[in-house]
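Structural characterization, general
One letter stands for each residue in the lines below.
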Amino acid sequence: MKKVTIIGAGTMGNGIAHVFAQHHFKVTLVDVSATALEKALSTITKNLDRIISKGDLTEEEKKITLANIQTQTDLKAGVAEADLVVEAATENIDLKLKIFKDLDVFAKPEAILASNTSSISITRIAAATARPAQVIGMHFMNPVPVMKLVEVIRGYATSAEVTATIMDLAKSLGKTPTEVNDYPGFIANRILMPMLNEAIYALYEGVAGVNEIDTVMKLGMAHPMGPLQLADFIGLDVCLFILKVMHDGFGNPKYSPCPLLVNMVQAGHLGVKSGNGFYTYTPGSKDLVVAAQFNKW
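Rules of the game
Residues numbered from 1 in each chain as written. Predicted model: local features only at pLDDT ≥ 70, side-chain atom pairs only at ≥ 80, totals over all residues. Heavy atoms only, no water. Helix = DSSP H or I, 4+ residues; strand = E, 2+ residues; numbered from the N terminus. Contact = heavy atoms within 4.5 Å. UniProt positions renumbered as here; feature names shortened; annotations may be inferred. Buried < 20%, exposed > 50% of the residue type's maximum accessible area, 1.4 Å probe, protein only. Pairing = 2+ DSSP bridges. Right-handed = clockwise from strand over helix to strand, strands pointing away. Domains from an automatic or database assignment. Buried area = accessible area lost by both parts, 1.4 Å probe. Salt bridge = Lys/Arg side-chain N within 4 Å of Asp/Glu carboxyl O. Axes fitted to C-alpha atoms, helices over the stretch in contact; angles between N-to-C directions. Parallel < 35°, antiparallel > 145°, perpendicular 65-115°, else oblique. Left-handed = near helix turned anticlockwise from the far one by under 90°.

One can find Ile-200 in helix α8 (residues 188–204). Considered as a pair, Ile-200 and Cys-258 are 58 residues apart in the sequence and their alpha carbons are 6.7 Å apart. Ignoring anything within four residues of it in the chain, the contact list for Ile-200 reads Leu-228, Cys-258, Leu-260, Leu-261 and Phe-278.

In structure tokens, the structure reads:
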């Protein structure tokens, strides 16, 4: 397996492309937007420069990594020679189903099709293809070049051979793969999202303020980032989407999103990406400032 295609040039897509290219795979990064592809290459270059500044990469290795990446706006051309396709498009079920239907037609019959989805059923995605045994989840963590975990999600029809191949592949990227079965939230989000939701409920019910909640979890539970700051980092819209997937999938009220989270997303306060969530984010500043509407809490 030498040729890999990544679908989607956003935060996750460019990070996945970076990691594969740095580990000597030939990577094609596909996106419908040429501008997004240019931005992705710029981001990858900056991240490589950051690694160089830490002494963990040479200029020659950077040059080789960038040479391993080509870009493409045409899906058919982009996946034609791929041994593995990793879809990292927006977390939207209709979009992902369409992509996988197209991948099934355009990719080589023996190619493995993977999704970086954080919550959408791999079994459902695989059912959109004529090769469900070759469809699997590869859920990388953000930021991809830094985080070691890859959650490998085995759909109902995913073969043992494909699972073993992807587990070994993740190890070759310097990652630690963890195999899980395909149920709502998988493992990472099934445990994480209820914790974030409960932290938001604690704020909503006036139990404690933003700083207090995050401080308790950082200093009391040794978490590197408090749950409200982490929710901002993930994106409050993403958190809401995943909670809805879990609530629909299990029918259990314990996964019901907090009304405060729903209101914030409806108001466009999505966290870091919008500049305002539980904290207010100023470009270039690393200081955490509690959002004005929560100061009184």
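Further remarks concern the UniProt feature "domain: 3-hydroxyacyl-CoA dehydrogenase NAD binding" (unreviewed entry) in the protein. Sites flagged by UniProt as "domain: 3-hydroxyacyl-CoA dehydrogenase NAD binding" (unreviewed entry) map to residues 3–182. Secondary structure across residues 3–182 divides into 43% helix and 22% strand, with the first and last C-alpha atoms of the span separated by 26 Å.

Our focus in this paragraph is the pairing of strand β1 (residues 3–7). With 4 of its 5 residues buried, β1 lies for the most part within the structure. In terms of strand pairing, β1 meets strand β2 (residues 26–30) through 5 bridges, oriented parallel. Paired with Lys-3 across the two strands is Lys-26, which belongs to β2. Traced from β1 through helix α1 (residues 11–22) to β2, the parallel crossover comes out right-handed. Pairing analysis gives 4 bridges linking β1 to strand β4 (residues 84–87), with the strands arranged parallel. The residue of β4 that forms the bridge with Ile-7 is Glu-87.

With that settled, consider the domain arrangement of the protein. Domain boundaries in the protein define domain 1 (3–181) and domain 2 (190–294). Placing a centre on the C-alpha atoms of domain 1 and another on those of domain 2 gives a separation of 27 Å. The interface of domain 1 with domain 2 comprises 6 residues on the first partner and 4 residues on the second. The three residues of domain 1 that bury the most area against domain 2 are Glu-91, Ser-119 and Asn-142, which together make up 68% of that side's buried surface. Seen at the junction of domain 1 and domain 2, the total is 0 salt bridges.

The geometry of helix α11 (residues 236–250) relative to helix α12 (residues 259–266) is characterised by a closest axis approach of 9 Å and an angle of 130 degrees between their N-to-C directions. One element, α11, and the other, α12, form an angle in the oblique class. Pair α11 / α12 crosses with left-handed handedness. Here Leu-236, Asp-237, Cys-239, Leu-240 and Leu-243 of α11 come into contact with α12, specifically with Leu-261, Val-262, Met-264 and Val-265.

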